[in-house]
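# Chain and residue survey
Here is what each chain is made of, one letter per residue.
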Amino acid sequence: MNFSFIRTLGYWIGGIWTAWGGRKRIEAKQLKNLRNLIKKVRKKSPYFNKLYAHLPDTDLITLNDLPVTSKIDLMGDFDNWLTDRSLTLAQAREHMDSMDNLGVPMGQYAVFRTSGTSGEPAVIVIPSSVIEFIFGINLARFSKRQLQVELKLQKAGTNIVISGGNGHFAGAGFDKLRQNLTPPIPRKFTFIPAEQAIGETVKQLNETGQIAEILTYPSMLAILTKEQEVGRLEIEPKRIKVAGETFTPEFRKRVEKAFPSLEFGIMNSYACTECLFMAFECDCGRQHVPEDWVILEAVDENHQPVPDGELSTTALLTVLANDLQPFIRYDIGDRLRFYRDPCPCGSPFKSFQIEGRQATVVRVGNVTLSPLAFDLEHGSAQRIQLVQTSESVFEVRAELLNHAKPDQVFEQIIQSVNAVFSKNGLVDVKVVKSDAPPHLTASGKFHEVIPL
């Protein structure tokens, strides 16, 4: 899989030039890239050729003319979706049958899969142009301070990646892919599977020397933070980087308190396997969309735009940099809110807040609860999970410490959960103990609450 530093440089220069032109230049570049993408998919993707058959000429198309797409529909017609007709779903899946192929390209393409958290896993095919886009645009969006931090981190110690180890996921696979590019872009890192027992993870981290950076999911970071607070974990990372899940301001403060060694702070990367660079975090802590190459829409349940400042029901993603596997107005299920006011950092790119996913809320009758309503922590447990097995029945799963008294711990957790339901007028809900271990997604994410 060839990697071009010249094309990467082009993304970098183009990204800086676009930003300098402000909103007018950003919107013009976005529309040009959108129409270029539509032109190609109409010609080379049978799926989109049929989907867009009723639309006007490409030169007249705007974003709102385009129908919404979903993972179920696209995966159901995978072999007609890609613009390269030589690659099939069967070939991609055969490549991923062996873990030896993690991060190993199929010719000129990399192949990953999603965890299937919100349904069927998707197979994601990434051409070299996307890798070049990630490096080039990411560099263009760095502030001077952020660039200095990246350079210092190169010499600060060991990089740790804690992610799912049971499949072809981008968490660990992307770093391995870097080593398999031509020419390679190596990055030394230590991989720790998120699925293993927390005690083993704590042991590995404590035995590591100076840690430069830890990259993991917020749900795993929550467990590490608790372990650090009680003294079982004793590490001093320079920076923590989170991705793949919602990261709240309140949780950020807790992590910063538990890890006073964070010289370079916490970096929140908003991304998904379908688009590995969806946003960049500025020095003010806001997430900005690289709108010249990525379109993110906040929409209601009818896929109509919601005003800035209003929480969306879902979000639509368009990846202008990937013309091999087109994601155009693709429903990603995230709930977000665009800021009304310009960011104090001065960036001309729109900024937003992430509130979570539709699939994570708990519904009992007419009552809807956020997973954040439940305080699923106990001094004698390292993982606690609440699983909704029917509309009014929930079970508690836990990974307990060796010294714990199981019956007493479960009873206290159940009382805490029942208190939340009672507070919200749900008196007929049943909460029971389960002997099953807490469940992790295929990609290693740990969800404290699993809705029905």
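Below is a short write-up of the structure. Numbering of residues begins from 1 in every chain and follows the order in which that chain's sequence is written. The predicted nature of this model means local features are confined to residues of pLDDT at least 70 and side-chain atom pairs, given and counted, to a pLDDT of 80 or more, with totals for whole chains, interfaces and linings taken over all residues. To get the side-chain values, take all heavy atoms of the structure and skip hydrogens and water.

### Digging into the environment of Ile192
Quick note on the threshold: Only DSSP runs of H or I covering at least 4 residues are called helices, and only runs of E covering at least 2 are called strands; the numbering of each starts at the N terminus. For this analysis, residues touch if any pair of their heavy atoms sits within 4.5 Å.
Here Ile192 lies in strand E4 (residues 190-193). Taking the C-alpha atoms as reference points, Ile192 and Val387, separated by 195 residues in sequence, lie 26 Å from one another. Discounting chain neighbours no more than four positions away, the residues touching Ile192 are Ile160, Val161, Ile162, Ser163, Thr201, Gln204 and Leu205.

### Points about the packing of aromatic side chains
Quick reminder of the rule: By convention, a stacked pair of Phe, Tyr or Trp rings (six-membered ring in the case of Trp) has centres within 6.5 Å and planes under 30 degrees apart, an edge-to-face pair has planes over 60 apart, and any other such pair is tilted. Burial here depends on accessible area, computed with a 1.4 Å probe over protein chains only, as a share of the maximum for the residue type. Under 20% is buried, over 50% is exposed, and the range in between is partly exposed.
On inspection of all chains with the given rule, the structure shows 18 aromatic pairs. On the basis of an interplanar angle of 85 degrees and a centroid distance of 5.7 Å, the ring pair of Phe78 and Trp81 is categorised as edge-to-face. Taken together, the residues Phe78 and Trp81, both in helix H5 (residues 78-81) and 3 residues apart, mark about one turn of the helix. You can call Phe78 buried: its relative accessible area is 2%.

### Remarks on the packing of helix H11 (residues 218-230) against helix H12 (residues 249-258)
Defined as follows: Axis definition: a line fitted to C-alpha atoms, limited for helices to the stretch in contact. Angles are taken between N-to-C directions and run from 0 to 180 degrees. These descriptions rest on fixed angle ranges, namely under 35 degrees for roughly parallel, over 145 for roughly antiparallel, 65 to 115 for roughly perpendicular, and the rest for oblique. Crossings are classed by handedness, with left-handed meaning an anticlockwise turn of the near helix from the far one by less than a right angle and right-handed meaning a clockwise turn. Under the scheme applied, nonpolar residues are Ala, Val, Leu, Ile, Met, Phe, Trp, Tyr, Cys and Pro; charged residues are Asp, Glu, Lys and Arg; polar residues are all the others, including Gly.
In the contact formed by H11 and H12, the axes pass within 10 Å of each other and the chain directions differ by 40 degrees. Classified by the interaxial angle, the pair formed by H11 and H12 is oblique. H11 and H12 meet at a crossing whose hand is left-handed. Residue-level inspection shows Pro218, Leu221, Ala222, Thr225, Lys226, Gln228 and Glu229 of H11 in contact with H12, the latter providing Phe251, Arg254, Val255 and Ala258. Of the residues that constitute the contact of H11 with H12, the class distribution is 6 nonpolar, 2 polar and 3 charged.

### What about the sheet that holds strand E12 (residues 330-331)?
The condition that has to hold: For two strands to be treated as a pair, DSSP must find no fewer than two bridges joining them.
Here 3 strands make up an open sheet; going across it, the order is E10-E11-E12 and the pairing antiparallel. The sheet is open, and its two borders are formed by strand E10 (294-299) and E12, each paired with just one other strand. Two elements, E10 and strand E11 (residues 314-319), share 6 bridges in a ladder whose sense is antiparallel. When the sheet's bridge partners are listed, Glu297 is paired in E11 with Leu316.

### A word on the state of the cysteines
Note the cut-off: Here, the term disulfide refers to a pair of cysteine sulfur atoms separated by no more than 2.5 Å.
One pass over the full model with this rule turns up 0 disulfides. Take Cys272: it sits in no disulfide, and the sulfur closest to it among the cysteines is that of Cys275, at 5.9 Å.

### Here we look at the pattern of salt bridges
The criterion, for reference: A pairing counts as a salt bridge when a side-chain nitrogen of Lys or Arg comes within 4 Å of a carboxyl oxygen of Asp or Glu.
In this structure the tally under the stated criterion is 23 salt bridges. A salt bridge links Glu213 to Arg187, with the shortest nitrogen-to-oxygen separation between them at 3.1 Å. Pair noted here: Glu213 is in strand E5 (residues 211-216) and Arg187 is in the loop between helix H9 (170-179) and E4, with a separation of 26 residues, a long-range link. No difference in accessibility class separates Glu213 from Arg187, as the two residues are buried.

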